[in-house]
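# Structural features, examined
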Amino acid sequence: MALYQAPSFEALERLSRSRDADLARRELERPDSIRGRGAQSNRVGRFEKHQRDSFDDGWGSVEPMPMFETIEHIERAKTIITSNDSPDIGFERSINAYRGCEHGCSYCFARPTHAYLGHSAGVDFERDIYVKANAVEALRAELSAKNYRAKPIAMGTNTDPYQPAERTHKLTRGILEVMLETRHPVMITTKSALIVRDLDILTELARSGLVKVAISVTSMDHKLSRKMEPRASSPARRLEAIRLLSEAGIPTAIFASPMIPAINDMELERILDAGKAQGAISAQMILLRLPGEVRDVFREWLLRHFPDRVRHVLSLVRDTRGGRDNDPRFGSRMTGEGPYATLLRQRFEKARERYGLDAKLPPLRADLFEAPTVESAQMSLF
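What comes next concerns the included structure. (Residues numbered from 1 in each chain as written. Predicted model: local features only at pLDDT ≥ 70, side-chain atom pairs only at ≥ 80, totals over all residues. Heavy atoms only, no water.)

### What about the sheet that holds strand β7 (residues 186-190)?
Strand pairing in a sheet relies on backbone hydrogen bonds. The paired strands run either parallel or antiparallel. The sheet built from seven strands is open, its strands ordered β2-β3-β6-β7-β8-β9-β10 with mixed pairing. The sheet is open, and its two borders are formed by β2 (81-83) and β10 (282-287), each paired with just one other strand. Between one strand axis and the next, the sheet turns by 25 degrees as a mean value, whatever way the strands run. Alignment of strand β8 (residues 211-216) against strand β9 (residues 252-259), held across four bridges, turns out to be parallel. (Pairing = 2+ DSSP bridges. Helix = DSSP H or I, 4+ residues; strand = E, 2+ residues; numbered from the N terminus. Axes fitted to C-alpha atoms, helices over the stretch in contact; angles between N-to-C directions.)

So this is what it looks like as structure tokens:
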């Protein structure tokens, strides 16, 4: 029996242009094998030596295709704090205790990073989750270095710190416990209501001005949200998380991102209004961007769920990126350019002002930091 492998996107796009949506759908992974996933294919990673292509040998499928079950890979990280110097990102340091993300957002900009691990940016990104089992231990070691100087550390920059694996491994909670112990500032971005599990730690951090949180909400429509983010919390639960965080005195923002032309952009004002009603004090927005393999993953997602809008959506995306699928330039990659991007930004600014969300989250304190004590191997003998 031939292995099933999604064809090149060029073939899919030709099918889309011919408006034969039913045939196009059959060229993607079978729905029963990717239930609960955002990506619609699982192409070989771009760094692999061999590529596979599917073909019909005339015999059909002898047995049902197995589902893509989640696989956890345990690894030990040499370091856990990552530094970056991107001028359009509001942080210099970040922590990601997991690699890959089971939430399954088809538009996730981090998908291409899975190719460095020998995996696909498609379904593999959602099912092959790498767990940095020593994340807390590595953090304590780095914070105890004599030359370490505290600066806010962002969590949720590459993969969600509260994705499903966190329920079992509790690495994010362990990291926050170290932050509280050392009085270190931390910023969190998530799509998961699981964050309220750690309300006790976050409340203590907030009392000292050491934490701020952003909850990302992409749609108020539960059906659309489930298509866009198959394993993330529902919109209602995310809004409830904003309420609980705000009531606990934790500075909380609502992120309406990404805004996707002709898919969820019409909900921008509604999202901000709902966030304000639950206690958010600030708001941000990011326009859809499609770096690397994300372009194909997102296009296939459109082909499966919105075959009648593929050409329209992609045309609008290119209008915001100078005629290309992606514009990687600093300064414009988050906001886009052109008439559509300008209008969307104007709508956002007016809505943010109307709902009183134009304030920035308060700055975090870094002067309270106290280095942790790390037991040396020599002392552990006694």
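### Some points on helix α7 (residues 199-207)
Along an α-helix, a turn takes 3.6 residues, which lines up residues three or four apart on a common side. What α7 keeps buried is the set Ile-201, Leu-202, Thr-203, Leu-205 and Ala-206. Of the surrounding secondary structure, the elements contacted by the buried residues of α7 are α6 (171-182), β7, β8 and α9 (235-247). Where α7 ends, the next residue or the one after it, Gly-209, has phi of about 70 degrees, a positive value. (Buried < 20%, exposed > 50% of the residue type's maximum accessible area, 1.4 Å probe, protein only. Contact = heavy atoms within 4.5 Å.)

### Structural notes on unusual backbone geometry
Put simply, Ser-257 and Pro-258 share a cis peptide bond, and its omega is -5 degrees. Inspection of the secondary structure puts Pro-258 in strand β9. The phi dihedral of Arg-183 is positive, around 55 degrees, even though this residue is not glycine. The topology assignment puts Arg-183 in the loop between α6 and β7. Positive phi is not limited to glycine here, since Ala-262 has a value of about 65 degrees. Relative to the elements of secondary structure, Ala-262 occurs in the loop between β9 and α10 (268-277).

### Some thoughts on the packing of helix α11 (residues 294-305) against helix α12 (residues 310-319)
Between α11 and α12, whose axes approach to 9 Å, the crossing angle comes to 145 degrees. Contacts between α11 and α12 involve Phe-298, Arg-299, Leu-302 and Leu-303 on the former and, on the latter, Val-310, Val-313, Leu-314 and Arg-318. Looking at the contact of α11 with α12, its residues break down into six nonpolar, no polar and two charged. (Nonpolar A, V, L, I, M, F, W, Y, C, P; charged D, E, K, R; others polar.)

### Section: the environment of Ile-215
With respect to the helices, strands and loops of the structure, Ile-215 is situated in strand β8. With 60 residues separating them in the primary sequence, Ile-215 and Gly-275 have C-alpha atoms 9.1 Å apart. In this structure Ile-215 touches Thr-190, Ile-195, Arg-238, Ile-242, Leu-245, Thr-252, Ala-253, Ile-254 and Phe-255, once residues within four positions along its chain are discounted.

### Remarks on the sheet that holds strand β4 (residues 98-99)
Pairing is mixed across the open sheet formed by three strands, whose spatial order is β1-β5-β4. Strand pairing shows two members of the sheet lacking a second neighbour, β1 (71-75) and β4, which therefore form its edges.

### A word on helix α4 (residues 135-143)
All of the buried residues along α4 are Ala-135, Ala-138, Leu-139 and Leu-143. Here the buried residues of α4 occupy an arc of 130 degrees about the axis, which is enough to place them on one side. Structurally, α4 contributes buried residues whose contacts are with β2, β3 (93-95), β5 (128-132) and α6. (Arc of directions from axis to C-beta.)

### Considering the packing of α4 against α6
Between α4 and α6, the shortest axis-to-axis distance is 9 Å and the interhelical angle comes to 25 degrees. With respect to each other, α4 and α6 are oriented roughly parallel. The interaxial crossing formed by α4 with α6 has right-handed handedness. Seen from α4, the contacting residues are Ala-135, Val-136, Leu-139, Arg-140 and Leu-143; seen from α6, they are Leu-171, Gly-174, Ile-175, Val-178, Met-179, Glu-181 and Thr-182. (Parallel < 35°, antiparallel > 145°, perpendicular 65-115°, else oblique. Left-handed = near helix turned anticlockwise from the far one by under 90°.)

### A closer look at the side chain of His-184
Inspection of the secondary structure assignment puts His-184 in the loop between α6 and β7. Polar contacts involving the side chain of His-184 include one to the side chain of Tyr-148, which spans 2.6 Å. Discounting residues that sit within four places of it in the chain, His-184 has contacts with Leu-143, Tyr-148, Ala-150, Lys-151, Ile-153, Met-179, Leu-205, Leu-210 and Phe-369. (Polar contact = N/O pair within 3.5 Å; in protein donor to acceptor, adjacent residues only side chain to side chain.)

### Topic: the environment of Ile-201
Position of Ile-201 among the secondary structure elements: in helix α7. Each C-alpha atom of the pair Ile-201 and Val-211 lies 9.9 Å from the other, and the pair is ten residues apart in sequence. When residues no more than four places from it in sequence are discounted, the contact partners of Ile-201 are Arg-173, Leu-176, Glu-177 and Leu-180.

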